[in-house]
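Structure assessment
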Amino acid sequence: MKKTQNTSVRNIAIIAHVDHGKTTLVDAMFKQSGLFREGQTVDDRLMDSMDLERERGITIAAKNCAINWNGTKINIIDTPGHADFGGEVERALSMADGAILLVDASEGPLPQTRFVLDKALKNGLKIIVVINKIDRDDARPAEVLDEVYSLLIDLDATDEQIEFPYLYAIGRQGIAMRSPEDQEKNLHLLMDMIIDEIPAPLSDENEPFQMLVSDLSYSDYLGRLAIGKVINGSVASKKDLVCIPEDDSQIHLKVSKLQVYSGLGLKDAAEANAGDIIVLSGIENVHIGDTICTGENPKALPRIRVDEPTVFMNFTNNTSPLAGRDGKLVQASKIRARLIKESLMNVSMRVEESDDKENFIVKGRGEFQMAILIETMRREGFELCVGRPQVIYRYEDGKKLEPIENLLINCEAAYSGNVTEKMLKRKGSLTRMTNKDNGRVRLEFSVPSRALIGYRDEFLTDTHGTGIMNSSFSGYEPFRGDFPSRFTGSLVSDRQGKAVPFALFNLEARGKLFIQPGDDVYEGVVIGEHSRGNDLNVNPCKTKNLTNMRASGKDDAVILTPVLPMTLEKAIQFIGDDEMVEVTPKTIRLRKSILSAHGRKVEVRRGAAA
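What counts, and at which threshold
- Per-chain numbering applies: the sequence of each chain, read as written, is numbered from 1 onward.
- Totals for whole chains, interfaces and linings use every residue, but because this is a predicted model, local features are given only for residues with pLDDT of at least 70 and side-chain atom pairs only at 80 or more, for both listing and counting.
- Here the side-chain values reflect all heavy atoms present in the structure, with hydrogen atoms and water set aside.
- The numbering of helices and of strands both runs from the N terminus, where a helix is a DSSP run of H or I of at least 4 residues and a strand a run of E of at least 2.
- Residue burial is assigned from relative accessible area. The probe radius is 1.4 Å, only protein chains are included, and a residue is buried under 20% of its type maximum, exposed over 50%, and partly exposed in between.
- Only heavy atoms matter for contacts: two residues are in contact if any of them lie within 4.5 Å across the pair.
- Areas reported here follow the Shrake-Rupley algorithm with a probe of radius 1.4 Å; residue values treat only the protein chains shown as occluding.
- Only the contacting stretch of a helix is used when fitting its axis, a line to C-alpha atoms as for every element, and angles between N-to-C directions run 0 to 180 degrees.
- Any angle between 65 and 115 degrees counts as roughly perpendicular, while under 35 counts as roughly parallel, over 145 as roughly antiparallel, and the rest as oblique.
- In this count, Pro and Cys sit with the nonpolar residues alongside Ala, Val, Leu, Ile, Met, Phe, Trp and Tyr, while Asp, Glu, Lys and Arg are called charged and the others, Gly among them, polar.
- Throughout this description, a polar contact denotes any pair of N or O atoms lying within 3.5 Å of each other; where both atoms belong to protein, one of them has to be capable of donating a hydrogen while the other can accept it, and for residues adjacent in sequence the pair is counted only when both atoms sit in side chains.
- Here the aromatic set is Phe, Tyr and Trp, taking the six-membered ring for Trp, and pairing holds for ring centres within 6.5 Å; pairs whose planes are under 30 degrees apart are stacked, those over 60 apart are edge-to-face, and all others are tilted.
- By this rule the span expected of a helix is its residue count minus one, scaled by 1.5 Å.
- Directions pointing from the helix axis toward each C-beta atom define the arc.
- Confidence of the prediction at every residue is given by pLDDT, a number between 0 and 100.
- Salt bridge, as used here, is a side-chain nitrogen of Lys or Arg placed within 4 Å of a carboxyl oxygen of Asp or Glu.

Examining the overall build of the protein chain
- Check the secondary structure of the protein chain and you find 15 helices and 37 strands.
- Scored against the burial criterion, the 610 residues of the protein chain give a buried share of 53%.
- Within the protein chain, counting contacts between residues at least 6 apart in sequence, those at least 24 apart form 72% of the total.
- As displayed, the protein chain offers around 28300 Å² of accessible surface, 47% of which is attributable to carbon and sulfur atoms.

Structural notes on the packing of helix 1 (residues 22-32) against helix 7 (residues 188-197)
- Closest axis-to-axis distance for the helix 1/helix 7 pair is 10 Å, and the angle between their directions is 90 degrees. As far as their axial angle goes, helix 7 and helix 1 are roughly perpendicular. The segment helix 1 lies against helix 7, with L25, M29 and Q32 engaging H188, L190, M191 and I194.
- Of the residues that constitute the contact of helix 1 with helix 7, the class distribution is five nonpolar, two polar and no charged.

Considerations on the side chain of S449
- Here S449 shows up in helix 11 (residues 449-452).
- Assessed through its relative accessible area of 6%, S449 is described here as buried.
- Side chain to side chain, S449 and E405 meet in a polar contact 2.9 Å long.
- Apart from residues no more than four positions distant in its own chain, S449 is found in contact with V391, P403, I404 and E405.

Here's the deal with unusual backbone geometry
- One non-glycine residue, N70, adopts positive backbone phi at about 50 degrees.
- Looking at the element boundaries, N70 is found in the loop between strand 3 (63-69) and strand 4 (72-78).
- With a relative accessible area of 63%, N70 lands in the exposed category.
- One non-glycine residue, D397, lies in positive phi territory at about 55 degrees.
- Here D397 lies in the loop between strand 25 (394-396) and strand 26 (399-412).
- Classification of D397 by relative accessible area gives exposed; the value is 81%.

A word on the side chain of E375
- For E375, the location among the structural elements is in helix 9 (residues 367-379).
- For E375, the side chain forms a polar contact with the side chain of R378, separated by 3.4 Å.

Notes on the packing of aromatic side chains
- Here the structure, examined in full by the defined rule, presents six aromatic pairs.
- Both rings, one in Y393 and one in F479, keep their centres 5.8 Å apart while their planes meet at 75 degrees; by these two values the pair is edge-to-face. Taken together, the positions of Y393 in the loop between strand 24 (390-391) and strand 25 and F479 in the loop between strand 29 (468-478) and strand 30 (489-493) put the pair 86 residues apart, joining distant regions of the chain.
- Classification of Y393 by relative accessible area gives partly exposed; the value is 29%.
- Among the residues examined, F479 registers a relative accessible area of 25% and is labelled partly exposed.
- Judged by centre distance (6.0 Å) and plane angle (50 degrees), the rings of Y455 and F459 are tilted. No difference in accessibility class separates Y455 from F459, as the two residues are buried.
- Members of the aromatic cluster, each reached through a chain of ring pairs, are Y149, F164, Y166 and Y168.

Overview of the environment of A414
- Position of A414 relative to the elements: it lies in the loop between strand 26 and helix 10 (416-425).
- On the basis of relative accessible area, A414 is assigned to the exposed category, the value being 69%.
- In sequence terms A414 and T463 are 49 residues apart; their C-alpha atoms lie 8.6 Å from each other.

Overview of helix 8 (residues 332-345)
- Between its first and last C-alpha atoms helix 8 spans 20 Å; for 14 residues at 1.5 Å apiece the expected length is 20 Å, and the two agree.
- Looking only at helix 8, the buried set comprises A332, I335, R338, L339, E342 and S343. One face of helix 8 carries all of its buried residues, which in axial projection span an arc of 140 degrees.
- Structurally, helix 8 contributes buried residues whose contacts are with strand 20 (311-316), strand 21 (350-353), strand 22 (359-364), helix 9 and strand 23 (384-387).

Section: the confidence of the model for the protein chain
- For the protein chain, per-residue confidence averages 81 on the pLDDT scale, and residues scoring 70 or more make up 89% of the total.
- Note that residues 37-49 has pLDDT below 50 and, in this model, 34 contacts with residues that lie over four places away or in other chains.

A closer look at the pattern of salt bridges
- Enumeration over the complete set of coordinates arrives at 31 salt bridges.
- Its salt-bridge partner being D494, residue R495 comes within 2.8 Å of it at the nearest N-O pair.
- By relative accessible area, which is 39% here, R495 ends up partly exposed.
- Note on D494: relative accessible area 28%, which makes it partly exposed.
- Between R589 and E582 there is a salt bridge, and its shortest N-O distance comes to 3.0 Å. Taken individually, R589 and E582 each receive the classification buried, so the pair is uniform in this respect.
- Here the salt bridges do not stand alone but share partners, grouping D104, K133, R136 and D138 into one network.

Here it is as structure tokens:
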């Protein structure tokens with residue numbers, strides 16, 4: 001087997017934890033590579049193409065782009081930094097030959113950095129480390145570099161991987177340097193290092209054309225687009241090819257257009273060689289992980305394998321009395337088609353249907369991944385109801401196993417006792433505690449995944465908004481036992497109508513309200529959090545009795561406590577097992593799965609009898 005290198009191309013993935021400056025660094029690489037003409041007005045965070053990415057300041061979907069540096073094309077694959085989008089990371093790394101690990105000079109490697117780096121090392125990628133934000137007042141670059149070495153050793157990196165080259169950077173200023181004391185003015189050192197250190201893609205010159213489909217897209221003009229790296233051989237436009245799916249059958253294809261990445265967009269190409277990342281147009285019935293090759297000598301490549309889902313949620317069409325008011329897409333068949341499409345584009349997501357075709361179980365990596373999907377659907381005009389996130393258990397040799405998370409918490413020392421107490425109640429165990437010089441404490445826990453569902457808002461309250469919490473999946477362990485997930489009940493409306501200030505004012509003593517005067521309610525909708533552990537049926541539409549008697553204080557204006565708007569993440573974290581979130585393009589409501597109060601009583605009796 002004779003290997004050849006395509007020295008005109010480098011394929012790199014950029015991996016980092018959320019908010020460590022990855023997208024900003026890519027912006028600076030674009031500008032300094034000559035991609036834009038001098039004086040051209042360019043937006044910030046160019047790779048954050050989705051509205052949700054720009055709003056939240058995170059990368060959700062892996063994306064490709066390309067720059068040219070000293071005659072060499074550098075394909076850049078921007079990967080998400082959140083562990084919930086691990087499927088995006090795994091398929092993106094299948095196109096890379098090396099990776100830039102970006103680490104904050106103050107925070108150091110965090111759990112989700114560990115998750116993505118572990119995948120890169122297992123793929124055998126060459127690593128370049130960039131310690132970013134060294135201009136921070138609390139920067140500690142030397143300590144962070146030692147932490148990166150320790151992390152690589154902990155992840156069983158090879159001797160070659162541990163001897164990584166590294167640079168220091170200030171991403172927002174577009175500067176990279178070999179030492180924090182240097183006075184550089186650009187990122188030329190980094191781009192030179194990519195050319196020198198990242199290996200050129202290798203191929204077997206005796207093998208025919210083979211391409212692994214790592215991503216899918218869609219064009220209104222060209223149809224479905226298959227995106228991936230050419231592993232062996234070369235391909236020309238308009239050629240007849242074969243797709244090999246998971247069942248090893250052969251589907252004949254006719255490529256209508258061949259494109260390669262140029263800057264942020266695509267350009268037509270007559271031919272592509274091994275190592276190029278290409279986009280094939282006009283190809284139907286292709287899925288992520290399939291192999292596209294020649295019909296004369298079809299050979300399948302190893303498929304992309306991703307970690308199994310750890311969380312599931314129940315999706316169903318909106319069955320409330322207010323269904324159909326806001327959304328255009330309300331039928332179960334429309335929801336099903338959208339979820340199936342998502343599972344084709346996202347390799348870490350699975351969809352299972354119920355017998356009645358009205359309910360769908362969606363499995364994924366975490367509640368945040370689910371929240372992003374639901375938010376995307378509501379912006380597309382869907383109405384639906386979703387249940388509480390549930391973890392997926394495994395059973396081996398008669399033992400019940402549950403997913404476990406590595407949890408890292410950074411908070412002020414005064415709040416560490418309260419946080420530790422809450423984690424221990426949720427069957428967590430403290431594995432490491434480090435006191436910082438700035439009065440903060442770094443706590444590391446091993447906790448069940450179910451312990452974090454509904455805890456994030458409580459954590460912010462416990463730390464007065466100053467705490468930082470990050471987690472990553474570590475594996476399955478024996479079930480650690482039950483614990484209460486919520487200590488409060490719900491205030492549930494007992495009728496349909498509009499909320500009235502007089503009624504809400506009298507209900508404030510019962511707990512925390514979620515609705516405002518004038519909001520639509522119906523029987524079974526959750527209007528607030530009861531201060532006690534049981535649910536309470538209440539009347540939010542009750543008006544003041546009118547009489548001809550006047551008394552002091554009777555006509556005082558009603559002043560209600562301001563209500564914070566209910567966000568999708570808050571709603572998903574708050575609901576109990578017998579509750580759902582009603583999601584429409586304009587409204588987020590909490591409701592009982594069984595709307596009728598009588599129906600809920602019957603269900604409770606049935607459960608007690610069983």
